[in-house]
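Secondary and tertiary structure notes
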Amino acid sequence: MAFDAEATKRCSLMTPDAMAEADRRTIAAGTPETTLIDRAARASLRVLRSEFTRRPVTILCGPGNNGADGLRLGEMLVDAGWPIEVICLGEPPSAERHRGLDGRLRPTGTFAPGPGALVVDALFGAGLSRPVEGEARALIEKLEFAGASVLSIDLPSGIDGATGEVLGIAPQADVTVTFHRLKPGHLLGEGARRCGKVFCADIGLQYREGDASALHNAPELWRHLLANGARETHKYERGHTVVVGGPGFMGSASRLSAYGASVSGAGAVTYLAPLSSAEFAGTVFDAVMVRPMTGPEALEELAEGKASSIVIGPGMGHGALSRDCLHTALASGLPCVVDADALTLYEDEPSKLFSALHEGCVLTPHEGEFARLFKGVEGDKLSRAKAAAARCGATVLLKGSTTVIAGDGLPVINTNGSRSLATAGSGDVLAGLIGGILAQSVAPREAAAAGAWIHAEAARSAGPSLNADRLPRRIAGVIDRLVS
Ligand SMILES: NC(=O)C1=CN([C@@H]2O[C@H](COP(=O)(O)OP(=O)(O)OC[C@H]3O[C@@H](n4cnc5c(N)ncnc54)[C@H](O)[C@@H]3O)[C@@H](O)[C@H]2O)[C@@H](O)CC1
Ligand SMILES: Nc1ncnc2c1ncn2[C@@H]1O[C@H](COP(=O)(O)OP(=O)(O)O)[C@@H](O)[C@H]1O
Ligand SMILES: [K+]
C-alpha cells in the first residue's frame, strides 16, 4: 500500500529547475510573468507584515526575478508608507517600470544595516548558478554582524535550492518566504539552518505529475496505512515482528527495539536471543514473547511460521551466530530492518551484504555507519541516500537531525526531529518501531517514513531528560492519536 495520492501532491518538494519549468508552463498558458512577480511580492508583503513591526527596511535586489520580486515588494511597502531603501546589484531597474521607487535607490557601497533594521534578501533565489562572490558577497558579509532582521525571498541567497548547500556565502534569515512548493534545499543541511521560519505561498502555479523530486514527510502521506487490519481478531493477522537479540550485556539495545516494535500496532513481538540474554529478557518482558536460541534454526523456524517481519542488528555483536542469523533473516524474504551491528558486520566487504538484501529490507544507518558501508558515496544527504539505496537495492533511512529515506519511489525528507532524540538507544527504538510497522504489511519506504515521523514526534515536546526507555510510551501516545 502506498502514500496517499493527494497528500503526495501537497508534500512534494521541487528542485529549482522544476520550479523554473512550472513557471514557464504557467506563463505559456497565459499568466504574464509580471502577474507571477506581483503575486510573489504580495505574498512576501503579507509575511513581512505578519512577522515584523514597522521599521526601516533595506531591500537587496539581484539581477533576476528574485530581485524583481524584491523591487515589486519595495513598491508595495512604499504604498503602505514604510520607510524603505533599495540596493541593486548591477544595472539599476528601469525608472519607467519602477516609478514607485523614485528616490529610494542607493548604491551598494552605502549598505550599513543597523540592529533595528529589517533587510529583505532578494539577491538570488532559484536561479543561483555559481558561488556568491564580489559585491553580492560583500553585502551578505555585512549582514553577518549587523544584528538586523533578515527576510529572504525564496531562499537565503547562496543556498542551493536542490541540496541545501551554501554556494560561497549565505545569510542567516529569520524568515523565508517561498512559493508554490518547498525545495529540498529548505530542509537539508545548511539550508534548513539558514532559512529561519519558512512560509510557502500559493501563487497560482499548476502542479503536474513528475514535478516532485522528493517528499516532505507528514502523517497525511501514510496515516491511512496504520492500524491496517485492526478489525482482524487474530493477533498474528495484525503482524508479528521477530527482534533478534544479542548475547549477555549487549542485549539491552535489542530489548529497546523490542519495546519499539511492541508499541507499533503490530499484534505480536517475539524476542529471540541467546540464552544469556533471553533468560534476563524473560524476567523484564511481559507483552513481548521471549524465545532462546542456540543457532539460526530458531529464527528460520519463526520466519517460516508466524513471523511477518524481522529486526536485526541492535546489540547483536559481530560473532559467528550474528552472521548466521543475518543470512537466515535476509534469506527468509521477510521484510527486515537491518540496523547497527548488522550494518557493520560486512563493512569490509559490503557487496556480500548488498547481494543478500532484497527490496523488502530497510537499512537504518546513522552517518558513521553510512560512511563505513557506502564508501565513496558523497554529496548532500538526499543524493547520498538515493545513491546508497540504488547501490544496495533496498530502502535506506539515513538518520540525523534531518532524516532522509530513499527507496522505491520518491525519497522522503523528515524534519520533525529534535535534539532530545540524540540520546543513546533512541535509534534502537526506531529500528523496532519500523519493524513493527513493516509487520503490518506496510511497504518499506512507507513504513520507514511513518516510523521516522512518529519516533521524532514522540520526542518533540520532550525536554533534555528524555531517554530511550521512556520513548516507547510516548510513541504509543503518538500512534494512538494518529489512528483515533
Ligand atoms: N515559480 C517561480 O519560480 C517564480 C519565481 N519567482 C522568483 O524568481 C526567482 C527565480 O528567478 P531567476 O530564475 O531569474 O533567478 P534568480 O533571480 O534567483 O537569479 C538569477 C540571476 O542571478 C544571476 N546569478 C546567479 N548566481 C549568481 C551568483 N552567484 N553571483 C552573481 N550572479 C548570479 C544569474 O546570472 C541571473 O541573472 C525565484 O527565486 C523567485 O524569487 C517569482 O517571481 C514568481 C514565480
Ligand atoms: N540533533 C538531532 N535532532 C533530531 N534527531 C536526532 C538528532 N540526533 C539524532 N537524532 C535521531 O536520533 C536517533 C539516534 O539514532 P542512533 O544514532 O542510531 O543512536 P543509538 O545507536 O544510540 O540508538 C535517530 O533516529 C536520529 O535521526
Ligand atoms: K533570496
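These figures come from a predicted structure and were not determined experimentally.

**Let's talk about the domain arrangement of the protein chain**
Each assigned domain of the protein chain is listed here: domain 1 (11-213) and domain 2 (219-483). The C-alpha-based centres of domain 1 and domain 2 are spaced at 41 Å. Listed as interface residues are 10 residues of domain 1 and, on the opposing side, 12 residues of domain 2. Contact between domain 1 and domain 2 buries roughly 810 Å² in total, counting both sides, with carbon and sulfur atoms accounting for 72%. Of all residues in domain 1, the largest losses of buried area upon contact with domain 2 belong to Cys11, Leu187 and Leu188, amounting jointly to 50% of the total for that side. The tally of links from domain 1 across to domain 2 stands at one residue pair in polar contact (both at pLDDT 80 or more). The residue makeup of the side of domain 1 that touches domain 2, split by class, is seven nonpolar, two polar and one charged.

**Concerning the site of ligand 2**
Taken together, 17 residues lie around ligand 2, and Lys399, Gly400, Gly425, Ser426 and Gly427 are the ones closest in. At 2.6 Å, a side-chain N or O of Lys399 approaches an oxygen atom of ligand 2. Separating an oxygen atom of ligand 2 from a backbone N or O atom of Asp428 is a distance of 3.3 Å. In the complex, the protein chains occlude 77% of the 570 Å² of accessible area that ligand 2 would expose alone.

**Concerning the coordination of the potassium ion (ligand 3)**
For a metal with four donors in a tetrahedral arrangement, the ideal angle between donors is 109.5 degrees, while six donors in an octahedron ideally sit at 90 or 180 degrees. Protein-derived ligands of the potassium ion (ligand 3) are Asn66 (OD1), Asp121 (O), Phe124 (O), Ile153 (O), Leu155 (O) and Ser157 (OG), with the metal-ligand distances lying across 2.6 to 3.0 Å. Coordination at the potassium ion (ligand 3) is irregular, judged from the six donor atoms that bind it and the angles of 67 to 175° they form at the metal. For the potassium ion (ligand 3), all donor residues lie on one chain, and their spacing in sequence is N-x54-D-x2-F-x28-I-x1-L-x1-S. One end of the pair, Asp121, is in strand S5 (residues 118-122); the other, Ile153, is in strand S6 (residues 149-153), and 32 residues separate them in sequence. Here Asp121 falls in the buried class, since its relative accessible area comes to 1%.

Thresholds applied
- Residues numbered from 1 in each chain as written.
- Chains lettered and ligands numbered in written order.
- Predicted model: local features only at pLDDT ≥ 70, side-chain atom pairs only at ≥ 80, totals over all residues.
- Heavy atoms only, no water.
- Domains from an automatic or database assignment.
- Contact = heavy atoms within 4.5 Å.
- Buried area = accessible area lost by both parts, 1.4 Å probe.
- Polar contact = N/O pair within 3.5 Å; in protein donor to acceptor, adjacent residues only side chain to side chain.
- Nonpolar A, V, L, I, M, F, W, Y, C, P; charged D, E, K, R; others polar.
- Near = heavy atom within 4 Å.
- Areas by Shrake-Rupley, 256 points an atom, 1.4 Å probe, with all protein chains shown as cover.
- Donors = N, O, S within 2.8 Å, 3.2 Å for Na, K, Ca; no water.
- Tetrahedral: all angles 85-135°; square planar, octahedral: opposite > 155°, others 65-115°.
- Helix = DSSP H or I, 4+ residues; strand = E, 2+ residues; numbered from the N terminus.
- Buried < 20%, exposed > 50% of the residue type's maximum accessible area, 1.4 Å probe, protein only.

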